[in-house]
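Residue strings, one per chain:
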Amino acid sequence: MEQAPVLQLRGICKSFAGVPVLRDVSLDLYGGEVHCLVGENGAGKSTLIKIISGAYTKDAGTITYQGRELGHIAPAWARENGINTIYQEIDLIPSLDAAENISLGNEPRTRSGGIDWPAVRRNAQKNLDDIGANVDATVPVGQLKIAQQEMVAVAKALSLKSKVMILDEPTAAFTGTEVRNLFKTIRWLQSQGIAVLYISHHLDEIFEIGDRVTVLRDGNLIRTELIQNIDKATLVKAMVGRDIDFTRSDGGAGGSEILRAEGLTQRGVVSDVSFSLHEGEIVGVGGLVGAGRTDLARMLVGAAPVHGGKIYLHGKPQRIPSPKAALSLGIGMLPEDRKVEGLVTMRTVADNMGYSVIQASARFGIVPWRKIKAVIRDLIGSLQLRPPRPNLQVRYLSGGNQQKVVLGKWLAARCDLLILDEPTRGVDVGARAEIYHLMQELKRNKKAVLMISSDMTEILTQSDRILVMAAGRIVGELPGASATEEQVLSLALGLEEAA
Amino acid sequence: MNRNPSPARVRRWMGRNTSTVALVVIFAFGCVALPNFADKFNLSAIAFQYSIIGFLALGQLLVILTEGIDLSQGSLVALTSIVIATLITHAGLPTPVAILGGVLASTLLGFLSGLLVSRTQIPAFIVTLGMLGIARGLALLISIGKPISIADEVFADLGRSKVWEIPASLILWLLAALLLHYFLTQRRLGRHIYAVGGSAESARLSGVNVRNIKLLVYAMSGFLTGIAGVLWTSRLSSGSPIGGVNYELESIAAVVVGGGSLFGGIGTVGGTVAGVLIFGVINSMLNLAGISPYWQGTIKGVLILAAVALSQLRRADRTNVRGVARHASDSTAGPAKPSRNI
Amino acid sequence: MQVTPLLDRLNRRATFETKGVLRILLILAGLIVVAGVLSRGVFFGPENLINLGQQNAMLTVVALGQFLVILTGGIDLSVGAILAISSVVFVLFQGYGIVPALALALLAAALIGLINGGLVTYVRLPSFVVTLGMSQITLSLAMVLSKGGTVYTGLGGAAIAAPIIDFYNGWLLGIPLHVVFALVVVGVVALYLRTSYGHFAYAVGGNRSAAYLSGIPVATISVLVFVLAGILAGVGGALFVSRVGLGDPQAAKWIVLDSIAAVSIGGASLSGGVGTVAGTLIGVIILGVLNNIMNLLGVPPTMQPAIKGLVILLAVFLNSGRREK
């Protein structure tokens, strides 16, 4: 492994809309090594790999590949020249079989110009065998299990003579055996001199398969180490360890119970989740990707199936079959991606803010327009919406103001329980403070707030209590006033709670 | 692959060839239940009529494979007939030239549809709906609304002749089907059509030229429609500006009944052929049973909807619950891409 | 800024949609000028204007139904067929009285709309396929009912009630009754859009998931618009009988294209969530004036489908260009 690195990154910087996401990151990747990349949500991992694969363009820095400095990287060029990324959303054609997927775009031809099917099958089988995949290459890929699809994607990258293979959270939905198989494959890739960049938050896996590990935090490279020179605790410390200057929540006294969940389960996604929410409290939900937090939230608003368990509202058992039912029960949710699920972007501020309250207050279709307009006018004022124009199309607002509109929709509908999924994602600092202020006001008005967040600062400062989820379960509860980052992250990573 | 047929493989074969099985069953039923069904005269009649729809269905298959649709086929058939008839009768051109002209016209309009579908955001059904109007309008314009008769015996024979007792147009159609089958299974371009329909985005990432594939299928549909138009004109011995109405509905139905999915990526020539024949057989059975043509339309319409609905339900069955590709769950990769459930 | 509070106080429709309506109003004005010039003023004569109104009353009603469906992101290719079968049913049951006959016709129309809505919403089939298939079925059924031809009298030989025919020739304050009726329907649909169900149609078409999560009964609204489109097409069928004096399974063959053209010209987006009643009405009028201009220019009537096809493509293209989602 002591040769020139196959890929060298120096001083990579990237910002989105003025917000720096990567700051001066430098990394070396050697052929035949498994280099793990770790960091919290938002640390910059996926941005980095997208820059390597050409999906994003770096703002500054150099990338040297096989000794040559690269200018602008087109994704097609990267793919054809040995830099292959396998994302979570696997880029295969579901209706075609594995063999065909592997050869797509690169089909071997016969003398008459037709496709040489025996060659296609042979090549595919060879690639699959090489990596030890147990895959029926004649079945449409969409019918394979995720782990097998992953294998096919790796085989496809291999057929393109990959030199650098980037695996983005490959084991998100794998069983133990499937992880073993993947590791066998990775070891084979190593033996062929291929560099593997492995992004994961499964620390056990990292310590098993990795040669070196790099920690990113808030866009900065914290350290790069040989695996044998570091342990889990130190790794976790490196992932957190920021100085947060903040005022913590006073851990407010919760009032009567608004919601109690017992044993909530959704097959394969959420397992046996129990917790309760009270008037006048903000409960933060921490956890990493795939922990099931959003799925849990969707179950609470009737947008996802509940396969087991019960929900009690004000002590009474309730079925919540749809968001319409949830609304009538006083529950609302601000979704993770407001553009996809929170707002009708072509419609106006007034339209968007009004939908839920109109549904709640219309009788036989008749809408009390004057009252609604008054409510919305007041809300625009109290939310400090900028610009304060009810007839402006929502798509012209900034992220923070858009978020306020979604919030306003639920405030207008007078929900008792508000679920906020990443309330300040893509929101500027000023609006962020305003949203926190609003959350505090909700608390004062004896509403309950369930706040899902990947922002450590946010979770620690805003929550009265913190629930941490991992792999679909609640793995711990911490008091908001005194919890530490390490505690939250350790729980989220599935480790024992750091003392 | 040398493997003993496992139950799963048999089931898969059945799944892939349901339409052929259905055709055999329905045909058998027809032979048993209706006296004149299996005689040569009746079978020829079916063959003559449905080889025309057959060509349309082949073109429709190509378009549907890319998750598109061609609603202009019927009008293009009429237009082709008018072009041919005008070139022969009014312009005095030799028949082969006229035929070429007709097919060219249809192919050109198909190409235009393809341009719009592949280069703009306008949905395929609107593009081809608009083209339906444009083609019909052109046909009416050129013919001033009146049919144009063709006095060419040889040409008339084309649509009515038999080779060893088998209708020539049927042979022509089956030959075309065989060619298309070869194209879709053995040529890169053909396979790329399936890729585009299966997942245009993934196909693009693998280097497939999605835009041009989409353009190609509409041009090919136009071409095949042109050929159908030639056969149709020959059988009528005239060009008719008002004919071919709703032909595209039959071709869509044939593709869907033959196992094609309106959502793209799934469908075969064999299935489509079986689908066309199924409709031909059912049509004949309804006629022989003396059911009024008006009820026939209803029955066929119900069959079409049922086939489409079934194909949609089958699709839901085959969904592989992808734990990773959940919509809008906590994802580091930014806003979740809409996942494809097959 | 002084302008902002003024605009907000107007508050009737979103300003962006008002701008859109103003735009096509200008186009209409331009077309009217062209028509006036080409016809040397004949265009503005009462005879021509009345004609224009009478001819487009039916399309107005049908286009409004199409508008509602397109608002929610769908399309209804069966409106022509529903119009036809309603006209047949309306005539066939004349013997039972005007109101029962009308009720039956509208019931049939609503039922077909219900099937459309049900298949689209609950079986999740694309609306163009469902309505295409249903249009075939409906047309065939219309043929069955009318025994293949047009119907001049109802069952048992009952003649079409005189008031129905008179309705076409009647006036109110100098305006033909059909036009008045069409305007009333415009008002009704505008009112519908002020109800919760109507208002939500914009959300369902604009972003179905967001609408769903907001607590909007998306399925109900989705089915409802097809039922309404059906009923409106049924009303169109009644107007047809009033104008032509018979029921015809081949009635209004091109009205599907016309209605889609009118709605698109009116500024509605085919992907849903955008559009106004006023725009649809102006779209109908623009189509009517275009027709007029074509006649004045001596363009043969057989060209009309072609022109309409081109107009639809142009309108959709321009609309989709403006909406960068």
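Residues numbered from 1 in each chain as written. Chains lettered and ligands numbered in written order. Predicted model: local features only at pLDDT ≥ 70, side-chain atom pairs only at ≥ 80, totals over all residues.

### Some remarks on the overall build of chain C
When you go through chain C residue by residue, the secondary structure sums to 14 helices and two strands. For chain C, whose C-alpha radius of gyration is 20 Å, the value lies close to the compact-globule estimate of 20 Å for 325 residues. When its C-alpha atoms are laid out on the principal axes, chain C stretches across 70 × 55 × 35 Å. Considering chain C as a whole, with its 325 residues, one finds that 57% of them fall into the buried category. Within chain C, contacts between residues separated by at least 24 positions form 79% of all contacts whose residues are at least 6 apart in sequence. (Helix = DSSP H or I, 4+ residues; strand = E, 2+ residues; numbered from the N terminus. Rg over C-alpha atoms; globule rule 2.2 N^0.38 Å. Buried ≥ 20, exposed ≤ 12 C-beta atoms within 10 Å, placed from the backbone. Contact = placed C-beta atoms within 7 Å.)

### A short note on the sheet that holds strand β14 (residues 308-313) of chain A
Residue and element names in this part refer to chain A. On the basis of which strands lie adjacent, the open sheet formed by four strands has the order β12-β11-β14-β15 and antiparallel pairing. Two strands lie at the open edges of the sheet, namely β12 (270-278) and β15 (316-318), each paired on one side alone. Put simply, the sheet's adjacent strands are angled 20° from each other on average, direction ignored. Note: strand β11 (residues 257-266) against β12, six bridges, orientation antiparallel. Following the sheet pairing, R260 is matched in β12 by S276. (Pairing = 2+ DSSP bridges. Axes fitted to C-alpha atoms, helices over the stretch in contact; angles between N-to-C directions.)

### Describing the sheet that holds strand β18 (residues 448-452) of chain A
Residue and element names in this part refer to chain A. The strand order across the open sheet built from six strands is β16-β17-β18-β13-β19-β20, with neighbouring strands paired in mixed fashion. Two strands bound the open sheet, and with one partner strand each, they are β16 (331-334) and β20 (473-479). Across the sheet, the mean angle separating the axes of adjacent strands is 20° when strand polarity is ignored. Helix α17 (residues 485-493) contacts β13 (281-287), β19 (465-470) and β20 of the sheet and is inclined by roughly 30° relative to β19.

### A look at the domain arrangement of chain A
In terms of domain boundaries, chain A breaks down into domain 1 (7-239), domain 2 (248-330 + 415-499) and domain 3 (350-413). One C-alpha centre belongs to domain 1 of chain A, the other to domain 3 of chain A, and the line joining them spans 44 Å. (Domains from an automatic or database assignment.)

### Looking at the packing of helix α5 (residues 98-122) of chain C against helix α6 (residues 127-146) of chain C
Residue and element names in this part refer to chain C. Relative orientation of the contacting elements α5 and α6 amounts to 150°, with a least axis distance of 9 Å. The pairing of α5 with α6 is recorded here as roughly antiparallel in orientation. Crossing hand, α5 versus α6: right-handed. Within the contact between the two elements, α5 uses I112, I115, N116, L119 and V120 and α6 uses S127, V130, T131, M134 and T138. Broken down by class, the residue content of the contact of α5 with α6 amounts to six nonpolar, four polar and no charged. (Parallel < 35°, antiparallel > 145°, perpendicular 65-115°, else oblique. Left-handed = near helix turned anticlockwise from the far one by under 90°. Nonpolar A, V, L, I, M, F, W, Y, C, P; charged D, E, K, R; others polar.)

### Things to note about unusual backbone geometry
All names here are of chain A. With omega at -5°, the peptide bond leading from R386 into P387 counts as cis. Secondary-structure assignment places P387 in the loop between α13 (369-382) and α14 (399-412). Phi is positive for K161, close to 60°, though the residue is something other than glycine. Note on placement: K161 falls in the loop between α5 (146-159) and β7 (164-168).

### Some points on helix α9 (residues 188-198) of chain B
Among the eleven residues of α9(B), eight are classified as buried, and the element is accordingly described as predominantly covered. When we look at burial in α9(B), the residues that qualify are B:R191, B:H192, B:I193, B:Y194, B:A195, B:V196, B:G197 and B:G198.

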